[in-house]
Amino acid sequence: MDQNLQKLTLFYDGACPLCQAEILFLSGRNQADLLGFVDINSTAYDPLKVGVSCEEALAAMYGQYADGTLINGVTVFPEAYRRADLPTLAWIFSRKSMQPILKMGYRFFANNRHAISRVFGPGALWLVKTKV
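Residues numbered from 1 in each chain as written. Predicted model: local features only at pLDDT ≥ 70, side-chain atom pairs only at ≥ 80, totals over all residues. Heavy atoms only, no water.

**Description of the environment of serine 42**
Here serine 42 shows up in the loop between β2 (35-39) and α2 (47-50). For serine 42, a relative accessible area of 29% corresponds to the partly exposed category. Remark: the alpha-carbon pair of serine 42 and aspartate 13, spanning 29 residues in sequence, is separated by 9.4 Å. (Helix = DSSP H or I, 4+ residues; strand = E, 2+ residues; numbered from the N terminus. Buried < 20%, exposed > 50% of the residue type's maximum accessible area, 1.4 Å probe, protein only.)

Here's what the structure looks like:
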């Protein structure tokens, strides 16, 4: 893992079980402390400080580097995976050839995450919690 990586704070929907599972998974791999996590539904989330409204944050995954730079959507995932020492996932999610498919899939998930989470969320949370 590149030791020169800036810390990346992920803003996630804590009301979404699949989102919770992903955050639990990443937090369990955050040995280098290069990831921070803020639930956009909590008082810890300050839309004015971040520069992203709650509605915008609910519509897409956002991340913010330590220097204040914001990223969103599919571009957040390879950066998070890189910091969680998951080089294969980082590589897959950063391939230009994969971007159209990943963007379409992510857009579908973001728009339907609560319905999808009702089906897959409990199992994903259980799986992550048994591995942590």
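**Let's talk about the state of the cysteines**
What makes a disulfide is a covalent bond joining the sulfur atoms belonging to two cysteines. In this structure the tally under the stated criterion is 0 disulfides. Looking at the unpaired cysteine 54, the closest cysteine sulfur is the one in cysteine 19, lying at 15 Å. (Disulfide = S-S within 2.5 Å.)

**So, the pairing of β2**
Among the 5 residues of β2, 4 are classified as buried, and the element is accordingly described as predominantly covered. When strand β1 (residues 8-12) meets β2, the two strands line up parallel, connected through 5 bridges. Its bridge partner being in β2, leucine 8 is matched across the sheet by leucine 35. With helix α1 (residues 17-28) bridging β1 and the parallel β2, this β-α-β connection has right-handed handedness. (Pairing = 2+ DSSP bridges. Right-handed = clockwise from strand over helix to strand, strands pointing away.)

**Remarks on the packing of α1 against helix α6 (residues 99-131)**
Interhelical geometry of α1 versus α6 gives an angle of 50° and a closest axis separation of 5 Å. In terms of their interaxial angle, α1 and α6 are classed as oblique. Two secondary-structure elements touch here, α1 through Pro17, Leu18, Cys19, Gln20, Ala21, Leu24 and Phe25 and α6 through Phe109, Arg113, Ile116, Ser117, Phe120, Gly121, Ala124, Leu125, Val128 and Lys129. Partitioned by chemical class, the residues of the contact of α1 with α6 number 12 nonpolar, 3 polar and 2 charged. (Axes fitted to C-alpha atoms, helices over the stretch in contact; angles between N-to-C directions. Parallel < 35°, antiparallel > 145°, perpendicular 65-115°, else oblique. Contact = heavy atoms within 4.5 Å. Nonpolar A, V, L, I, M, F, W, Y, C, P; charged D, E, K, R; others polar.)

**What about α6?**
For α6, spanning 33 residues, the distance from its first C-alpha to its last is only 30 Å, which falls clearly below the expected 48 Å at 1.5 Å a residue. Of all the bends in α6, the largest measures some 80° and sits at asparagine 112. Listed as buried for α6 are Gln99, Leu102, Tyr106, Ala110, Arg113, Ile116, Ser117, Gly121, Ala124, Leu125 and Val128. Of the surrounding elements, those touching the buried residues of α6 are α1, α3 (54-59), α4 (76-83) and α5 (87-94). (Expected span 1.5 Å × (residues − 1). Bend = angle between axes of the 7 residues up to and from the residue.)

**A word on the pairing of β1**
Across the 5 residues that make up β1, a large majority, 5, are buried. By the alternation rule, side chains of β1 split into Leu8, Leu10 and Tyr12 and Thr9 and Phe11, which are all buried. As defined by bridge partners, β1 adjoins strand β3 (residues 62-65) across 4 bridges and the pair is classed as antiparallel. In the sheet register, threonine 9 faces β3, and the bridge partner there is glutamine 64.

**Concerning the pattern of salt bridges**
Taken as a whole and judged by the stated rule, the model has 4 salt bridges. Across the salt bridge formed by aspartate 13 and arginine 113, the nearest N and O atoms sit 3.0 Å from each other. Taken together, the positions of aspartate 13 in the loop between β1 and α1 and arginine 113 in helix α6 put the pair 100 residues apart, joining distant regions of the chain. The same class applies to aspartate 13 as to arginine 113, namely buried. One connected set of salt bridges, linked through shared partners, spans Glu79, Arg82 and Arg83. (Salt bridge = Lys/Arg side-chain N within 4 Å of Asp/Glu carboxyl O.)

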